[in-house]
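So you can see what is in the structure, the chains are spelled out below.
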Amino acid sequence: MKINLTNIKKAEKILNKNECVAVPTETVYGLAGNAYSDKACKKIFKLKKRPKNNPLIVHYYNPKNLKKDCSFNDNFIKLYKKFCPGPITFVLNLKKNSRISRIATNNKKSLAVRFPKHKVTRELLKKLNYPLAAPSANLSSKLSAVSSKDVKEEFGKNIKYILDGGKSSIGIESTIVDLRNRPKILRLGGLETSLIEKILNKKVLINNNPLKISFPGQQKLHYSPGIPIRLNVKKIINKNEAYLLIRKRKKNRKNYFFLSKNGNLKEAARNLYSMLRKVKKNKYKSIAVVKIPNRGLGKTINDRLLRASKF
Ligand code: TXA
Ligand code: MG
């Protein structure tokens, strides 16, 4: 996708007025605002209908900018060097003199930070003299958006501007790793846990039980298309139920939806949210999902489906 500087300029102007703009990232689209501004952060919560106690992720251009707000440690430096910019979010300690809005952090002493890879948003971040608070650009508990069209569907006229960056290439949220003490995964995501373990040279704790709320953002119901979902379904009888499959089948039916051609989990993760949206648009009243292999990005897909199924 070509970078359109006029559009970036437009987004910059709106953000400078402490208004919100949707921005593309390689994981999912974000609903962005000036992370140093209470006004902008309040607007994000309001637009998303997000509970106030669920803090926002903050997006930076580079570690030099982050240094003003957070303290670094060795694990952060190792993971940053290997994976950034990219689909990983770090939870770090906030510095006392940080300028991050207390609305964004809900007065916590930690901050979740990310360096998105998407060219358009990197170009925008480079121009701004503040970082961007940007949770996923969807209404709270609903499906994340992976295109500007999805964002429009979520917010309609309530959003001032959507910076278009095409379809998100990873299509599923970043992996969140808490680095304040012993590294711990708080949310499975677009970067496989095994790759993180390889760099840190140790097993990483995973604190991500979908059935247990360990953090406000980890409500049981999340990523929901708004209709019931059944998991691990071998066969369906009801033609009015959509059937989500991991790979193409020889026998196609109208209510079959394929996440990938040959069962490739990366491709399936990329297509997950748009497929769920499509099913809903086609007015199906429920979704059955085939068993997804629980390895690599399949673990992230299963995490999202399990949360989405708590309808
Ligand atoms: O890929 C992504 O991470 C996308 C793109 C836009 O960057 N953003 C995203 O944001 O998924 P959101 O707000 O939908 O999910 C962020 C999660 C929430 O579950 C929130 O509770 C958690 O991060 N979080 C935010 N601040 C935190 C903190 N200080 N400690 C632990 N978790 C935190
Ligand atoms: Mg979200």
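Everything in this summary refers to the structure shown in the same document. (Residues numbered from 1 in each chain as written. Chains lettered and ligands numbered in written order. Predicted model: local features only at pLDDT ≥ 70, side-chain atom pairs only at ≥ 80, totals over all residues. Heavy atoms only, no water.)

## Overview of the packing of aromatic side chains
Applying the stated criterion across every chain yields a total of nine aromatic pairs. Seen from their ring centres, Phe76 and Phe90 are 4.9 Å apart, and the 85° between their planes marks the pair as edge-to-face. Remark: Phe90 occurs in strand S4 (residues 88–93) and Phe76 occurs in helix H4 (residues 74–83); sequence separation between them is 14 residues. Owing to a relative accessible area of 0%, Phe90 belongs among the buried residues under this scheme. Here Tyr223 and Tyr273 contribute two aromatic rings whose centre-to-centre distance is 6.2 Å and whose plane-to-plane angle is 20°, an arrangement assigned as stacked. Of the two residues, Tyr223 is situated in the loop between strand S10 (205–206) and strand S11 (229–230) and Tyr273 in helix H9 (residues 265–281); the sequence distance between them amounts to 50 residues. (Phe/Tyr/Trp six-rings, centres within 6.5 Å; stacked < 30°, edge-to-face > 60°. Helix = DSSP H or I, 4+ residues; strand = E, 2+ residues; numbered from the N terminus. Buried < 20%, exposed > 50% of the residue type's maximum accessible area, 1.4 Å probe, protein only.)

## Points about the side chain of Asn255
Relative to the helices and strands, Asn255 is located in the loop between strand S12 (241–245) and strand S13 (256–258). With relative accessibility at 6%, the residue Asn255 sits in the buried group.

## Some thoughts on the nonpolar core
Leu79, Ile88, Phe90, Leu124, Val151, Leu163 and Ile196 are the most contacted members of the largest nonpolar core, which totals 59 residues. Setting aside residues no more than four positions away along its own chain, Phe90 makes contact with Phe76, Leu79, Tyr80, Cys84, Leu111, Ala112, Val113, Phe115, Val177 and Leu179. Leu143, Tyr243, Leu265 and Met275 belong to the second largest nonpolar core, which has 36 residues in total. (Core = buried A, V, L, I, M, F, W, Y, C linked by side-chain atoms within 4.5 Å. Contact = heavy atoms within 4.5 Å.)

## With respect to the side chain of Ser136
Mapped onto the secondary structure, Ser136 falls in the loop between strand S6 (132–133) and helix H7 (148–155). A distance of 2.6 Å separates a polar atom in the side chain of Ser136 from a polar atom in the side chain of Asn138. Leaving out residues up to four positions away in the same chain, Ser136 has contacts with Val28, Tyr29, Gly30, Leu31, Lys48 and Ser144. (Polar contact = N/O pair within 3.5 Å; in protein donor to acceptor, adjacent residues only side chain to side chain.)

## Structural notes on unusual backbone geometry
Following Cys84, the chain continues into Pro85 via a peptide bond in cis, with omega recorded as -5°. Notably, Asn18 is not glycine yet its phi reads approximately 60°, a positive angle. Mapping Asn18 onto the fold places it in the loop between helix H1 (5–16) and strand S1 (21–23). Not every positive phi belongs to a glycine, and Tyr223 is a case in point at roughly 50°. Tyr223 sits in the buried class, given a relative accessible area of 5%.

## Thoughts on the pattern of salt bridges
It is possible for side chains bearing opposite charge to pair when their charged atoms get close. Under the counting rule described, the total for this entry stands at 14 salt bridges. Across the salt bridge formed by Arg277 and Glu154, the nearest N and O atoms sit 3.1 Å from each other. Separated by 123 residues along the polypeptide, Arg277 in helix H9 and Glu154 in helix H7 bring together distant segments of the chain. Each of the salt bridges in this network shares a partner with another, and the network as a whole consists of Asp150, Glu153, Glu154, Arg277 and Lys281. (Salt bridge = Lys/Arg side-chain N within 4 Å of Asp/Glu carboxyl O.)

## Quick look at the state of the cysteines
Going through the model one piece at a time under the given rule, you end up with zero disulfides. Unpaired in this structure, Cys20 has its nearest cysteine sulfur neighbour in Cys41, at a distance of 8.3 Å. Between Cys84, a free cysteine, and Cys70, which holds the nearest cysteine sulfur, the sulfur-to-sulfur gap is 13 Å. (Disulfide = S-S within 2.5 Å.)

## Concerning the site of ligand 1
As a matter of local geometry, ligand 1 sits amid 25 residues, with Thr27, Asn54, His59, Ser136 and Ser174 nearest to it. Asn54 is positioned such that a nitrogen or oxygen atom in its side chain is 2.5 Å from an oxygen atom of ligand 1. Contacts to ligand 1 include Arg187, whose side-chain N or O atom sits 2.9 Å from an oxygen atom. Against a free-state accessible area of 680 Å², the protein chains account for coverage of 96% of ligand 1. In this structure, ligand 1 is accommodated by the largest pocket. Those elements giving two or more residues to the shell around ligand 1 turn out to be strand S3 (57–59), S4, strand S5 (110–114) and strand S9 (184–187). (Near = heavy atom within 4 Å. Areas by Shrake-Rupley, 256 points an atom, 1.4 Å probe, with all protein chains shown as cover. 1 Å grid on protein atoms, 1.4 Å probe; cavity = no way out; pocket = protein on both sides within 12 Å on 5 of 7 lines; lining within 4 Å. Sits in = over half its atoms within 2 Å of the grid points.)

## Quick notes on the pairing of S4
With respect to burial, S4 is a largely interior element, five of its six residues being buried. Judged from the five bridges that link them, S4 and S5 form a sheet pairing that is antiparallel. Paired with Val91 across the two strands is Ala112, which belongs to S5. (Pairing = 2+ DSSP bridges.)

## Focus on the sheet that holds strand S14 (residues 286–289)
The strand order across the open sheet built from four strands is S11-S14-S12-S13, with neighbouring strands paired in parallel fashion. The open sheet is flanked by S11 and S13, the only strands paired with a single partner. Where S12 and S13 come together, three bridges link them in parallel fashion. Within S13, the residue paired with Leu245 across the bridge is Phe258.

## Observations regarding the sheet that holds S3
Ordered by their spatial adjacency, 10 strands build an open sheet running S7-S1-S2-S6-S3-S5-S4-S8-S9-S10, and the pairing between neighbours is mixed. Every interior strand has two partners, whereas the edge strands, strand S7 (161–162) and S10, have only one. As paired strands, strand S8 (residues 175–178) and S9 are joined by three bridges and run antiparallel to one another. The residue of S9 that forms the bridge with Ile176 is Arg187. Each of S4 and S8 touches H4; the most contacted strand, S4, lies at about 160° to it. (Axes fitted to C-alpha atoms, helices over the stretch in contact; angles between N-to-C directions.)

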